[in-house]
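# Observations on the three-dimensional arrangement
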Amino acid sequence: MCCIKASRELQENEEIPALMAFGDSILDTGNNNDLISVLKCNFPPYGMDFIGGKPTGRFCDGKVLTDLIAEGLGIKETVPAYLDPNLQSKDLPTGSVISMSDQLKNFKEYIGKLKGVVGEEGANKTISNSLFLLSAGNNDIAIIYLDTPSRAFQYDVPTYTSLLVSWTSTFIKDLYGLGVRKIGVLSTLPLGCLPIIRTLHGGPMRFCGDNANRAAQLFNSKLLAEVNSLNSSLPQAKIVYVDVYNPLLDLIKNPVKSGFRVPERSCCGTGLFEAVILCNQLTPFTCDNVSEFVFWDSAHPSERAYRTMTPPILQDLKKSFS
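Every chain is numbered on its own, with residues counted from 1 as its sequence reads. The model is predicted, so local features are restricted to residues of pLDDT at least 70 and side-chain atom pairs to those at 80 or more, both for listing and for counting; the totals for chains, interfaces and linings are taken over all residues. Excluding hydrogens and water, the side-chain figures rest on all heavy atoms present in the structure.

Under an unreviewed UniProt entry, the name given to the protein chain is GDSL esterase/lipase, and the organism recorded is Citrus sinensis.

Laid out in structure tokens, this is it:
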């Protein structure tokens, strides 16, 4: 998970003055650069379609969901990362991304710094009025569960998905305890249809992996139920389930409708398994036009796919928090 903050000046009667996002690589805007991990993307060809054509630590050819949602809400064009060494005090209302284990610790640190910039009352107002996005489950199911045999021996899918939802619920309650009141909780992606999952679990024809999609669907259904429960138990909180599973699945099943040509392979390399360190400047491209591809690398959508998915997400968020 990560957390990302984007903000503008709080205006009178303004509903969403700022955006904070906690999540995995579909939301990360660059904090992974400063974490101890082999799963990096701070090198070409990542970022080829980003501003300036440079890699930023986003797992994409360009912008990710966090940037596009912040842009769509009129908050900021791009969202900087909290761990970015160039982040300054004046940037505090505009960015933060950290690892799962350190998120609350860093969010508390962020709150302290924000109070130093806008005062305690201003900080409390910003936190309570801001929209917080949360994305969980993608890596836990696609990587930790499906590709770690010991995990499957330890838990069956129903037990594991319940455990993930419980962790997510606890995190939401912790945010609530720190003053957060507006939260959008993202579903998982259709994990079985990621190119790398097709390659590993889709058989010779590389069909979508049924087991991965069923696990994602089960997690999402439990997550939706938990969101409804939390809305009943947390006074003054507004928590919204944000479906990203079906918008991406629609692009995969009906690519031509949205102007895509290739939904089953990614742009980078062979399109079958290249992601992070395997998608690098020495990897030959398989596509001349990334905008025709639903996926940038074998685990992450392209910027154009994110852009196509964003309008219904924005519509739900604006309707829910207006």
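### Concerning the pairing of strand 4 (residues 182–186)
Sheet faces and side chains relate simply in a regular strand, where the side chains alternate between the two faces. Within strand 4, five of the five residues are buried, leaving the element largely enclosed by the surrounding structure. What you see with strand 4 is no split at all: Lys182, Gly184 and Leu186 on one side and Ile183 and Val185 on the other are buried throughout. For two strands to pair, DSSP has to find at least two bridges joining them. Secondary structure counts use DSSP, requiring at least four H or I residues in a row for a helix and at least two E residues in a row for a strand, with both numbered from the N terminus. Bridge count between strand 3 (residues 131–135) and strand 4: five bridges; the pairing is parallel. Looking at the pairing, Leu133 lines up with Gly184 of strand 4. Sheet topology places strand 4 next to strand 5 (residues 238–242); five bridges connect them, and they run parallel. Across the sheet, Ile183 pairs through a bridge with Ile239, a residue of strand 5. Working definition: with a 1.4 Å probe on protein chains only, accessible area under 20% of the residue-type maximum means buried, over 50% means exposed, and in between means partly exposed.

### Digging into the sheet that holds strand 6 (residues 262–266)
The strand order across the open sheet formed by three strands is 6-7-8, and the pairing between neighbours is mixed. In this open sheet, the two strands that pair with only one neighbour each are strand 6 and strand 8 (300–301). The pairing of strand 7 (residues 293–297) with strand 8 spans two bridges and is classified as antiparallel. Bridge pairing in strand 8 links Asp297 to His300. Along the sheet face, helix 8 (residues 245–253) touches strand 6, strand 7 and strand 8 and points at about 110° away from the line of strand 7. By definition in these notes, contact holds between two residues if any of their heavy atoms fall within 4.5 Å. Axes here mean lines fitted to C-alpha atoms, for a helix over just the part in contact, with angles spanning 0 to 180 degrees between N-to-C directions.

### Description of unusual backbone geometry
With an omega of 5°, the peptide bond running from Pro44 to Pro45 counts as cis. Note that Pro45 resides in the loop between strand 2 (18–22) and helix 1 (65–72). We note that Arg206 has phi near 55°; this positive angle belongs to a residue other than glycine. Following the sequence through the fold, Arg206 ends up in the loop between helix 6 (195–201) and helix 7 (210–233). The exposure class of Arg206 is buried, given its relative accessible area of 15%. Of note, Val276 is a non-glycine position whose phi angle comes to about 45°, a positive value.

### Here we look at the nonpolar core
Grouped together as the largest cluster of nonpolar side chains are 74 residues, with contacts concentrated most on Phe107 and Ile239. Phe59, Val262, Cys279 and Phe293 belong to the second largest nonpolar core, which has 14 residues in total. Residue types Ala, Val, Leu, Ile, Met, Phe, Trp, Tyr and Cys, when buried and joined through side-chain atoms within 4.5 Å, form a set referred to as a nonpolar core.

### Overview of the packing of helix 5 (residues 157–177) against helix 7
Orientation of helix 5 relative to helix 7, taken along the N-to-C sense of each, is 35°, at an axis distance of 9 Å. The interaxial crossing formed by helix 5 with helix 7 has right-handed handedness. Across from Val157, Pro158, Thr161, Ser162, Leu164, Val165, Thr168, Ser169, Ile172 and Lys173 in helix 5, the residues of helix 7 making contact are Ala215, Leu218, Phe219, Lys222, Leu223, Glu226 and Leu230. In the scheme used here, Gly and all other residues not listed as nonpolar or charged are polar, with Ala, Val, Leu, Ile, Met, Phe, Trp, Tyr, Cys and Pro taken as nonpolar and Asp, Glu, Lys and Arg as charged. Taken together, the residues of the contact of helix 5 with helix 7 sort by class into 10 nonpolar, four polar and three charged. Crossing handedness is defined as follows: a turn of the near helix away from the far one that is anticlockwise and smaller than a right angle gives a left-handed crossing, while the clockwise case is right-handed.

### Observations concerning the state of the cysteines
By definition, disulfides here are pairs of cysteine sulfur atoms that lie within 2.5 Å. One pass over the full model with this rule turns up three disulfides. Through a disulfide, Cys268 is tied to Cys279; the S-S separation comes to 2.2 Å. When the S-S torsion is 110°, as for the bridge of Cys268 with Cys279, the disulfide is right-handed. Within this pair, whereas Cys268 is found in the loop between strand 6 and strand 7, its partner Cys279 is found in the loop between strand 6 and strand 7, the two being separated by 11 residues in sequence. Per residue, the accessibility class of Cys268 equals that of Cys279, and both read buried. Of note for the protein chain: the bonded cysteines, numbered N- to C-terminal, pair according to 1-2, 3-6, 4-5. The structure places no disulfide on Cys41, whose sulfur is separated from the nearest cysteine sulfur, that of Cys279, by 9.3 Å.

### Thoughts on the pattern of salt bridges
Definition used for salt bridges: Asp or Glu carboxyl oxygen within 4 Å of a side-chain nitrogen of Lys or Arg. Here the structure, examined in full by the defined rule, presents eight salt bridges. Glu77 is the partner of Lys63 in a salt bridge, and the nearest nitrogen-oxygen pair spans 3.5 Å. Separated by 14 residues along the polypeptide, Lys63 in the loop between strand 2 and helix 1 and Glu77 in the loop between helix 1 and helix 2 (103–129) bring together distant segments of the chain. With relative accessibility at 46%, the residue Glu77 sits in the partly exposed group.

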